[in-house]
Amino acid sequence: MRRLRASYDAIPDGAPVRLAKRTTNLFRPRDATDAPGLDVSGLTGVISVDIDPETGEATADVQGMCTYEDLVAVTLARGYIPYVVPQLRTITLGGAVTGLGIEATSFRNGLPHESVVEMDVFTGAGEVVTCSRDVESRLFFAFPNSYGTLGYSTRIRILLEKAPGWVRLRHVRFDDADAAAAAIARIVTDRSDAGVRVDAIDGTAFSPGEIYLTLAEFTATDPAADGEDVSDYTGQQIYYRSVRERTTDVLTMADYLWRWDTDWFWCSGAFGAQNPLIRRVWPRKYRRSDVYQRFVGLDTKYALARRLDRIKRNGIAQRERVIQDIEVSVDRLAEFLRWFDDEVGMRPVWLCPLRLREPDGPGSATHWPLYPLEPATTYVNVGFWGTVAVPADAPPGMVNRRVETEVHALGGHKSLYSEAFYDADTFAELYNLPHLAEVKAMYDPKDRLTGLYEKAVKRR
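Worth saying up front: this structure is predicted, and the values here are computed from it rather than measured.

J.: How would you explain the pairing of strand β11 (residues 210-219) if you had to name every residue and give the values?
T.: For β11, a buried count of nine out of ten residues is recorded, marking the element as mostly surrounded by other parts of the structure. Bridging between strand β7 (residues 166-174) and β11 involves nine bridges; their strand directions are antiparallel. Following the sheet pairing, His 171 is matched in β11 by Thr 214. As consecutive antiparallel partners, strand β10 (residues 200-207) and β11 are separated by two residues.

Structural data, given as structure tokens:
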């Protein structure tokens, strides 16, 4: 903490207060600054894991910059995992709480911030404030989706759930979006399918007529006892391809949690990592999301792909980066996918159901003011990441703006980890900026931390 405070004091008045991090999972560029950042290099570990010997209930105290990779390595060794483990290894717990996160357990466990018991937040005033549902509660409830505009978490206490050793998968195909949406609604309600418990669910839509739901059952039964082989997708085999090639599968719990990381879902193909010849000589330890993210960072810095595309197409067209995660209610999912196929046409896309967590049964969900999902409503996160061709004279963000307009029309929401193009009034309405301003005035009275609109849209 002394190092953190010293770095805060070294930032000149008027300069933006930012984290000094070498890695990021954000996909929005920002203005450069010469000001030093907050030194959070000492906040990367797991402080403790506490398990009640009588009830088995477990919590972990974790430093804010601890990656989920490091967190899971500690908790899984004790037989537990966080309620929600985002797909990419280097997402930090603090990042997932302040910037939202999601995974296949979100239909029963909500989003990562919903399993937070208590936090220490280093605020814009340079103070460490401990907050919970009952103490400094305005900060606690406004922190999710604040993206560092209220401060940065230095310690987070989260709930853990028991995790057996293996995961059995069933990949169920649907021939249209309406049928897939109906199945999602039913499975989320029943938490089972065909008489089998469903502990996690996500989906992969390869085309309008080829959609798969992957239903996961956590199990302590050693698959070897049933003569089953355990798959390994960190080698030559590629996980997302297996979804359409197999109907069942078995993974270790650890490999299931990171099944999407090895090939960054399907995006590693852009770097040649799915070419069998290249894959054989590409070391396993470098087949991971943070390595691909560095490649993207270099491309963003030097505009390599844009220059090559301009040469190849001779100015006739260009490509727009469309990297977004949106959420619509399950009853609007098919409508959104049909619009998406007509107007964007990018495939595959990822589907992940979620509901606000109800820890004490129906009606016990929490209202989170900066990302107002409705209680007792099933949403589906739709993730799409790539580029699309646009006319040479297309205005900046043309396709992304259309996505924002359609999602808004469908009563949905958009995550803010990537580029956003909303006008100020619309953004303020969608993300409840009046409430954020009230809380920010309490914990950042000198306005040292950059505002949410300025970060997400203005790239500051």
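J.: Please provide a residue-by-residue account of unusual backbone geometry, values included.
T.: In the segment running from Arg 347 into Pro 348, the intervening peptide bond is cis, with an omega of -5 degrees. One can find Pro 348 in the loop between α12 (330-343) and β14 (349-354). If you check the backbone angles, Glu 136 has positive phi at about 50 degrees while not being a glycine. Inspection of the secondary structure puts Glu 136 in the loop between β5 (128-132) and α5 (137-142). A positive phi angle, near 60 degrees, is found at Ala 376, a position not held by glycine. As for its placement among the helices and strands, Ala 376 is situated in the loop between β14 and β15 (379-391). Owing to a relative accessible area of 52%, Ala 376 belongs among the exposed residues under this scheme.

J.: Could you give an account of the pattern of salt bridges, naming the residues involved and the relevant values?
T.: A complete count under the given rule lists 31 salt bridges for this structure. Among the ionic pairs, Arg 332 bridges to Glu 335, the shortest N-O distance being 3.0 Å. Pair noted here: Arg 332 and Glu 335 are both in helix α12, with a separation of three residues, about one helical turn. Taking relative accessible area as the criterion, Arg 332 reaches 26% and is therefore assigned partly exposed. A residue is classified by how much of its surface remains accessible, and Glu 335, at 34% relative accessible area, is partly exposed. One salt-bridge network, held together by shared partners, links Glu 69, Arg 89, Asp 261, Arg 288, Asp 290 and Arg 294.

J.: Could you give an account of the sheet that holds strand β13 (residues 317-329), naming the residues involved and the relevant values?
T.: Two modes of strand pairing occur in sheets, parallel and antiparallel, and in both the strands are linked by backbone hydrogen bonds. Here we have eight strands laid out as an open sheet, ordered β12-β7-β11-β10-β14-β15-β13-β16, and antiparallel in their pairing. The outermost strands of the open sheet, each flanked by one partner alone, are β12 (248-252) and β16 (413-414). In the packing of helix α6 (residues 177-190) onto the sheet, the strands contacted are β7, β10, β11, β14 and β15, and the crossing angle to β11 comes to about 20 degrees. Docked against the sheet, helix α13 (residues 398-409) engages β13, β15 and β16, running at close to 15 degrees with respect to β13.

J.: Quick rundown of α13? Include the residues and the values.
T.: For α13, which comprises twelve residues, the first-to-last C-alpha distance of 17 Å matches the rise-based estimate of 16 Å (1.5 Å per residue) to within 8%. When α13 is considered as a whole, its buried residues turn out to be Met 398, Val 399, Asn 400, Val 403, Glu 404, Glu 406 and Val 407. Lining the buried residues of α13 we find β13, α12, β15 and β16.

J.: Requested: an account of the side chain of Glu 114, with residues and values cited.
T.: Tracing the backbone shows Glu 114 in the loop between α4 (106-109) and β4 (116-123). For Glu 114, which is buried and forms no salt bridge, the nearest opposite charge comes from Arg 133, at a distance of 6.2 Å. The residues touching Glu 114, leaving out its near neighbours within four places in the chain, are Asn 109, Arg 133, Arg 355, Leu 356, Arg 357 and Trp 368.

J.: Account for the environment of Ile 158, naming residues and giving values.
T.: Examined against the element boundaries, Ile 158 turns out to sit in strand β6 (residues 151-162). Counting along the chain gives 73 residues from Ile 158 to Ser 231, while the straight-line C-alpha distance between them is 30 Å. Non-local contacts of Ile 158, meaning those with residues more than four positions away in its chain, are made with Ala 58, Thr 59, Ala 60, Leu 71, Pro 82, Leu 93, Ser 115, Val 116 and Val 117.

J.: With reference to specific residues and values, describe the packing of aromatic side chains.
T.: Here a ring pair, both rings aromatic, is described through the centre-centre distance and the interplanar angle of the planes. Evaluated as defined, the whole model comprises 30 aromatic pairs. Taking 4.6 Å as the distance between ring centres and 15 degrees as the angle between the ring planes, the aromatic pair formed by Trp 260 and Phe 265 counts as stacked. Like Trp 260, the residue Phe 265 is buried in the burial classification. Ring geometry for Phe 271 against Phe 295: centres 5.3 Å apart, planes inclined by 50 degrees, an arrangement best described as tilted. Linking Phe 271 in the loop between α8 (253-257) and α9 (276-281) with Phe 295 in helix α10 (residues 289-302), this pair joins segments that are 24 residues apart in sequence. In this structure Phe 295 comes out as partly exposed when scored by relative accessible area, which is 34%. One aromatic cluster in this structure is built from Phe 206, Tyr 212, Tyr 233, Tyr 239, Tyr 240, Trp 260, Phe 265, Trp 266, Trp 350 and Trp 385.

J.: Explain the packing of α6 against α12 residue by residue, including any values.
T.: Relative orientation and spacing of two packed helices are given, respectively, by the angle between their axes and the distance between those axes. Direction vectors running N to C along α6 and α12 enclose 155 degrees, while the axes themselves pass 9 Å from each other. Between α6 and α12, the angle falls in the class roughly antiparallel. Relative to α12, the crossing made by α6 is right-handed. In contact with Ala 177, Asp 178, Ala 181, Ile 184 and Ala 185 of α6, α12 contributes Val 330, Leu 333, Ala 334, Leu 337 and Arg 338. Residue composition of the contact of α6 with α12, grouped by class: eight nonpolar, no polar and two charged.

Reading the values: the criteria
Residues numbered from 1 in each chain as written. Predicted model: local features only at pLDDT ≥ 70, side-chain atom pairs only at ≥ 80, totals over all residues. Heavy atoms only, no water. Buried < 20%, exposed > 50% of the residue type's maximum accessible area, 1.4 Å probe, protein only. Helix = DSSP H or I, 4+ residues; strand = E, 2+ residues; numbered from the N terminus. Pairing = 2+ DSSP bridges. Salt bridge = Lys/Arg side-chain N within 4 Å of Asp/Glu carboxyl O. Contact = heavy atoms within 4.5 Å. Axes fitted to C-alpha atoms, helices over the stretch in contact; angles between N-to-C directions. Expected span 1.5 Å × (residues − 1). Lys, Arg positive; Asp, Glu negative; His and termini not counted. Phe/Tyr/Trp six-rings, centres within 6.5 Å; stacked < 30°, edge-to-face > 60°. Parallel < 35°, antiparallel > 145°, perpendicular 65-115°, else oblique. Left-handed = near helix turned anticlockwise from the far one by under 90°. Nonpolar A, V, L, I, M, F, W, Y, C, P; charged D, E, K, R; others polar.

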